[in-house]
Each structure stands twice: as C-alpha cells, then as structure tokens.
Amino acid sequence: MPASPRWSGPQRRIGLTGGIASGKSTVARWLEQQGLPVLDADVYAREALAPGTAGAAAVLERYGEVVRGEGSAAAAGVINRAALGQIVFNAPQERSWLEQLVHPLVRARFEDELARLASAPAVVLVVPLLFEAGLEGLCSEVWLVDCEPEQQLERLMQRDGLSEAAAEARIQAQWPLERKRPLADQLIDNRTDPSQLPARLGHLLKASALDG
Ligand code: ADP
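Residues numbered from 1 in each chain as written. Predicted model: local features only at pLDDT ≥ 70, side-chain atom pairs only at ≥ 80, totals over all residues. Heavy atoms only, no water.

Describing the overall build of the protein chain
For step 1, the next point in the chain: In terms of helices and strands, the protein chain carries ten helices and five strands.
For step 2, the next point in the chain: Viewed in the frame of its principal axes, the protein chain has a C-alpha envelope of about 50 × 40 × 30 Å.
For step 3, the next point in the chain: Of all 212 residues assigned to the protein chain, the portion counted as buried reaches 46%.
For step 4, the next point in the chain: Taking all contacts inside the protein chain whose residues are at least 6 apart in sequence as the whole, residues at least 24 apart take part in 73%.
For step 5, the next point in the chain: Taking the average place of the 22 positive charges on the side chains of the protein chain and the average place of its 27 negative ones, the gap between the two points comes to 3 Å. (Helix = DSSP H or I, 4+ residues; strand = E, 2+ residues; numbered from the N terminus. Buried < 20%, exposed > 50% of the residue type's maximum accessible area, 1.4 Å probe, protein only. Contact = heavy atoms within 4.5 Å. Lys, Arg positive; Asp, Glu negative; His and termini not counted. Charge placed at Lys NZ, Arg CZ, Asp CG, Glu CD.)

So, in structure tokens, the structure goes:
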C-alpha cells in the first residue's frame, strides 16, 4: 500500500503516470474512447509558456534570444521548445528552475478543470511527473504504465526522432520506473503488443479503486 495519501472524495480520479514514452498517451487514448474525460499535464505545461504569459516572459528573461522562436514566431513571443529542452535536459539546476515555474501552474489548471468536471463519475489525469511533483493527492488512485528501460529508450527515439543521447537525457530527467513502481496502486504492463492493453484496462475500470 503506497504511503502517500490519495484524494478520497466522491469522484474517481485516476492518475496515469509512467516514464516518458512508456505508453501513457496510448492508454489515455483508450480511456478517452470509453468516454472518460482526460486531463493532460503536458497540455497545461505548454499553456504555462504560451505567448504573452508570465511563464513565457520569465523564460525569455532568463535565457534570452536562444529560446526565442524564429521569424514571425519571435514577434508573437513564441518559445522555441526544442531550444529550451536543450538547456534544461543538459543542466539539472535549470530544469529545476523551470519545474518550479511550471508545476504550480499545472496544479492550478488541474484544480480548475477538476472543479469544472465535478459531476463526472470518473476522470483521468495524465501526469508524467506525478510522483516527482508530489501530485498523488489529486488522485484517488494511481496507475503506472510500465515497460522495460530499453523499450522506453527505443520508443522515445522513434517517436520523437531523437538521438540516443538526447533520449537518454530526457529519461534521466525523471525518476526511473523502478522507483515509481512501488508507489503506484496499479501497474499496467505495456511490454507487449498494445492490443493487450484493453483487457487489463477494462478490468481496472470495472474494479473499485484499490482492489483491481
Ligand atoms: P507516453 O505518453 O508515455 O510518452 P506514448 O503513448 O506516446 O508514451 O508511447 C510512446 C511511443 O511508443 C509511441 O510512438 C507509441 O505509439 C509507442 N508504443 C506505445 N505502446 C507500445 C507498445 N506496447 N509496443 C510498441 N510501441 C508502443
């Protein structure tokens, strides 16, 4: 039984986490097809740095022209996310600065959306850094999408067209799956073909929060 508390209100709030490229979006897509509202931390993290926001201004002030988009994007105040990634995935102190800027905004967006969806019987929160950011308390249960480290690396390189070194840097920026497994309420094995997922997910959806 994981030590950190879960949300214990009337709504089922499924926190979906895992490692980068372990298969969270693949699982979330299936849950969405079943009619569950899906809230995605990555969307809110991007919104936090959208043109004209305080987040974008802080990033531009800290890193200057290097992270400014080019051409019309620069004029519009767009952040070049690839350039920002280059900085933060190669310097832990910069990643930590960016996380301290973005995490509170992401949490606030979750709280707004959860209030808006208060009458839904169940919602899904996709949160890659759920444990790292201490967001377990937003969820009534946490599902971890699991695979082997070498599968994660391969899927990430292929999906995002990254070199092995760039993919490794992104994986190293998160806690390893090994550390996250004992903190989750449910493990979703995504080591085999994705066609295997619906059976497990269907079972977990039918089960009550902690007995699946
Ligand atoms: P995440 O949302 O955790 O970053 P994704 O769901 O985007 O991960 O999956 C990462 C990549 O791996 C995607 O290109 C996806 O299509 C692929 N993928 C997901 N599950 C599997 C699987 N079981 N076998 C092979 N490839 C998979």
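After that view of the structure, there is still more to cover.
Thoughts on the packing of aromatic side chains
For step 1, the next point in the chain: A complete count under the given rule lists two aromatic pairs for this structure.
For step 2, the next point in the chain: When the ring of Y44 is compared with that of F110, the centres are 5.2 Å apart and the planes differ by 85 degrees; the resulting orientation is edge-to-face. Residue Y44 is located in helix 2 (residues 41-48), and its partner F110 is located in helix 6 (residues 92-116); the two are separated by 66 residues in the primary sequence. Exposure class is identical for Y44 and F110. Each is buried.
For step 3, the next point in the chain: Their ring planes at 85 degrees and their centres at 5.7 Å tell us that Y63 and W97 sit as a pair that is edge-to-face. One end of the pair, Y63, is in helix 3 (residues 54-63); the other, W97, is in helix 6, with 34 residues separating them in the sequence.
For step 4, the next point in the chain: Residue W97 is classed as partly exposed on the basis of its relative accessible area, which comes to 22%.
For step 5, the next point in the chain: If you follow R13 out to its NZ or CZ, it ends over the ring of W7, 3.5 Å from the centre. (Phe/Tyr/Trp six-rings, centres within 6.5 Å; stacked < 30°, edge-to-face > 60°. Lys NZ or Arg CZ within 6 Å of the ring centre and 35° of its normal.)

Topic: the side chain of D146
For step 1, the next point in the chain: Within the element layout of this structure, D146 appears in strand 4 (residues 141-146).
For step 2, the next point in the chain: There is a polar contact of 2.9 Å between the side chain of D146 and the side chain of R181.
For step 3, the next point in the chain: Only 3.2 Å separates the side chain of D146 from the side chain of R191, close enough to count as a polar contact. (Polar contact = N/O pair within 3.5 Å; in protein donor to acceptor, adjacent residues only side chain to side chain.)

Observations concerning the packing of helix 3 against helix 6
For step 1, the next point in the chain: It is the contact of helix 3 with helix 6, at a shortest axis distance of 11 Å, that shows an interaxial angle of 160 degrees. By the angle between their directions, the pair helix 3 and helix 6 is classed as roughly antiparallel. Considering only the axes of helix 3 and helix 6, their crossing is right-handed. Across the interface between the two elements, G55, A58, V59, R62 and Y63 of helix 3 pack against E94, W97, L98 and L101 of helix 6.
For step 2, the next point in the chain: Of the residues that constitute the contact of helix 3 with helix 6, the class distribution is six nonpolar, one polar and two charged. (Axes fitted to C-alpha atoms, helices over the stretch in contact; angles between N-to-C directions. Parallel < 35°, antiparallel > 145°, perpendicular 65-115°, else oblique. Left-handed = near helix turned anticlockwise from the far one by under 90°. Nonpolar A, V, L, I, M, F, W, Y, C, P; charged D, E, K, R; others polar.)

Focus on the domain arrangement of the protein chain
For step 1, the next point in the chain: On domain assignment, one finds that the protein chain holds domain 1 (7-37 + 122-212) and domain 2 (44-116).
For step 2, the next point in the chain: The straight-line distance from the C-alpha centre of domain 1 to that of domain 2 is 23 Å.
For step 3, the next point in the chain: Taken together, the contact pairs 14 residues of domain 1 with nine residues of domain 2.
For step 4, the next point in the chain: Surface buried jointly by domain 1 and domain 2 totals about 1,000 Å² across both partners, of which 70% is contributed by carbon and sulfur atoms.
For step 5, the next point in the chain: Together, L138, R170 and A173 form the three largest contributors to the area buried by domain 1 at its contact with domain 2, with a combined 40%.
For step 6, the next point in the chain: For the interface between domain 1 and domain 2, the tally reads zero salt bridges.
For step 7, the next point in the chain: Linking domain 1 with domain 2 are one residue pair in polar contact (both at pLDDT 80 or more).
For step 8, the next point in the chain: Per-element tally for the side of domain 1 that touches domain 2: the top contributor is strand 3 (residues 122-126), with three residues. (Domains from an automatic or database assignment. Buried area = accessible area lost by both parts, 1.4 Å probe. Salt bridge = Lys/Arg side-chain N within 4 Å of Asp/Glu carboxyl O.)

A few points about the pattern of salt bridges
For step 1, the next point in the chain: Applying the stated criterion across every chain, the model contains 15 salt bridges.
For step 2, the next point in the chain: E113 is paired through a salt bridge with R116; the nearest N and O atoms lie 2.5 Å apart. Here the residue E113 and the residue R116 both occupy positions in helix 6, the gap between them amounting to three residues, near one helical turn.
For step 3, the next point in the chain: Of the residues examined, E113 reaches a relative accessible area of 12% and is grouped as buried.

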